[in-house]
Amino acid sequence: MNNLSALENATLPKIMRSPRIVRLEISSNCNLRCLYCYYFENSAVDYSNLPTEQWLQFFVELGSMAVTDVSLSGGEPFLRPDLTDLIDGIVQNKMRFGINSNGTLINDHIAEYIAETHRCNYVQVSIDGSSSEVHDSCRGEGSFVKAVRGIKTLQRHDVPVVVRVTLHHHNVHDIANIAAFLLDELGLSGFSINSAGYIGACRKNADEVLLTRQDRQIAMDDLLNLPQKYADRITASAGPLYEAKHWPKMEAARMNHDPAFPKGGHLTACGCPFNEISVRSDGMIIPCSMLAHMVLGRINSDSLQEVWLNNPELNRLRMRRAVPLNEFEFCRGCNYMPYCTGNCPGMAFTLTGDINQPSPEACLRKFLAEGGSIT
Amino acid sequence: MNKPKKTPIQNPLTVLRVEFDDWAILFDPDSAKTLGINPTGVAVWKLVDGQRGIEEIVEEIREKFSDVSISAEKETSDFIDELYRNGFIGYSLNGVAQ
């Protein structure tokens, strides 16, 4: 069933005049083909690239809207030969930036350039293992050595570097080693962790890379049992670590018959449409990379301010939080409902074909029914 | 000889980002510092132009808002000090930025 009535009757929450963050997929090219990549293999996306001047024109608009931060991703941003020109445009328009990268193309020249802007919030590098054998299993031969070299290059130039670890079937037994490698050997202050999701290229490689229920259990248990010196330095907003910490709170609340959690019982999981918006490499404005099919407009043709404030589809996405979980067949009879927020709309779309559904991939009841346990 | 006139002036790098109901943040992209300000603060900010002194700013605020407190001059002065400490403004001497 589709809860259109709740959506139709919903009131639009208060919206900021402009997004704080704009996420830009500046490159549709990548030198790697990671098996679980969310970006590639999306039939709704035109994998083409805008010329420099179109991005620069758009940065003027972002500056005039007082956007404070942009993130550059792709594909692989460091494949853009005009990356320094784009960064110059960001700096000139009074914004700061972050870059999401596989790390393999970072050299002294670009690291020094980034450092000298004094506007870089972070360069995020993906590391999925403590060794070449593990990391390269999904990301391709030679990628570990190059990514680690990239991190060390950034560190040498005092560029803020952060690491994202994506858990999958081939690295789930390496969690303790990954923590030791990143936090002790590379000396990072922390890292964030998630798991591969059934989206993009991962859809065709799902059997090979997705965490099984047993893998997920191992990941949750291992992450909770890491030595304290590591545990406080690993963050997650979704995936096994988040679930290992959050699900026991839901279970305790259910046992105690506690009142609903704030935002519980409705499709409230995603706050992104209230703070940020994204742009594909072909210039199409989308709510988020996880909803790349949902075109809201085109940069330099449509006013971003107008899209941000008045696009009906975007506002409908914002009003999704009015939709109660108790109307979904999937949630019916679930005692965890008052403590659940329905999870990521992007994953809901890729798994169910409907954005206005709870996402089954992060469902506690389903996990337990399949034999999982929480401590 | 007249005493030199020292007036606050916006740091040209500072971004005023109005968010909800005229509440705003000031943002320095170089330092990443932010400061949340209320609608009166926004009005003061817009008058920090290197020409007006604090007394003149307060006078204009009194004209614009009906419920300005009697301590407005001190509050404005404190606010201007906070802006200066955070690098959002500088001072201009006889119209020349220092």
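From a predicted model like this one, the values you see are computed outputs, not experimental measurements.

**Q** Explain the sheet that holds strand β8 (residues 276-279) of chain A to me, please; I cannot follow it from the model alone.
**A** Strands belonging to one sheet form pairs held by backbone hydrogen bonds; the direction of such a pair is parallel or antiparallel. All names here are of chain A. One open sheet holds the 10 strands; their spatial order is β7-β6-β5-β4-β3-β2-β1-β8-β9-β10, and the pairing between them is mixed. One side of each edge strand has no neighbouring strand; the edge strands of this open sheet are β7 (234-235) and β10 (297-298). Sheet topology note: the strand β9 (residues 284-286)/β10 ladder contains two bridges and is antiparallel. In the strand pairing of β10, Ile-285 is matched with Gly-297.

**Q** In this structure, what is going on with a negative patch on the surface? I would like to understand it.
**A** All names here are of chain B. A cluster of acidic residues, Glu-55, Glu-59, Glu-63 and Glu-73, forms a negative patch on the protein surface. Position of Glu-55 among the secondary structure elements: in helix α2 (residues 54-64). What makes Glu-55 exposed here is its relative accessible area of 57%.

**Q** Can you walk me through the environment of Thr104(A) in this structure?
**A** All names here are of chain A. Positionally, Thr-104 belongs in the loop between β3 (96-101) and α4 (108-117). Measuring from C-alpha to C-alpha, the distance between Thr-104 and Gly-150 comes to 5.9 Å, with 46 residues separating the pair along the chain. With residues near it in sequence (within four places) discarded, Thr-104 still touches Asn-31, Leu-32, Ser-143, Lys-146 and Ala-147. Polar contacts involving the side chain of Thr-104 include one to the side chain of Asn-31, which spans 2.8 Å. A distance of 2.7 Å separates a polar atom in the side chain of Thr-104 from a polar atom in the side chain of Asn-102.

**Q** Which parts of the structure should I look at to understand the pattern of salt bridges?
**A** Oppositely charged side chains may form a pair once their charged atoms are brought near each other. Throughout the structure, instances matching the rule amount to 20 salt bridges over all chains. Between Lys14(A) and Asp21(B) there is a salt bridge whose closest N-O contact spans 2.6 Å. Here Lys14(A) is found in the loop between α1 (4-8) and β1 (21-25), whereas its partner Asp21(B) is found in the loop between β2 (15-18) and β3 (24-28) on a different chain. Accessibility classification places Lys14(A) together with Asp21(B) in one group, the exposed group. A salt bridge links Glu19(B) to Arg17(B); the shortest N-O distance between them is 2.6 Å. Across this residue pair, the class does not change: Glu19(B) and Arg17(B) are buried.

**Q** How do you make sense of the interface of chain A and chain B when you look at a structure like this?
**A** Many analyses report the size of an interface as the accessible area lost when the parts associate. Contact with chain A, which involves 16 residues of that partner, is made by 16 residues of chain B. Interface area for chain A against chain B, summed over the two sides, is near 1,400 Å², with a carbon-plus-sulfur share of 52%. Applying the counting criterion to the chain A and chain B interface returns four salt bridges. In this structure, Arg119(A) and Asp30(B) form a salt bridge, with 2.6 Å as the shortest nitrogen-oxygen distance.

Cut-offs applied
- Residues numbered from 1 in each chain as written.
- Chains lettered and ligands numbered in written order.
- Predicted model: local features only at pLDDT ≥ 70, side-chain atom pairs only at ≥ 80, totals over all residues.
- Heavy atoms only, no water.
- Pairing = 2+ DSSP bridges.
- Helix = DSSP H or I, 4+ residues; strand = E, 2+ residues; numbered from the N terminus.
- Patch = residues over 30% accessible without salt bridge, like charges linked within 9 Å, V, L, I, M, F, W, Y side chains within 5 Å.
- Areas by Shrake-Rupley, 256 points an atom, 1.4 Å probe, with all protein chains shown as cover.
- Salt bridge = Lys/Arg side-chain N within 4 Å of Asp/Glu carboxyl O.
- Lys, Arg positive; Asp, Glu negative; His and termini not counted.
- Charge placed at Lys NZ, Arg CZ, Asp CG, Glu CD.
- Buried < 20%, exposed > 50% of the residue type's maximum accessible area, 1.4 Å probe, protein only.
- Contact = heavy atoms within 4.5 Å.
- Polar contact = N/O pair within 3.5 Å; in protein donor to acceptor, adjacent residues only side chain to side chain.
- Buried area = accessible area lost by both parts, 1.4 Å probe.

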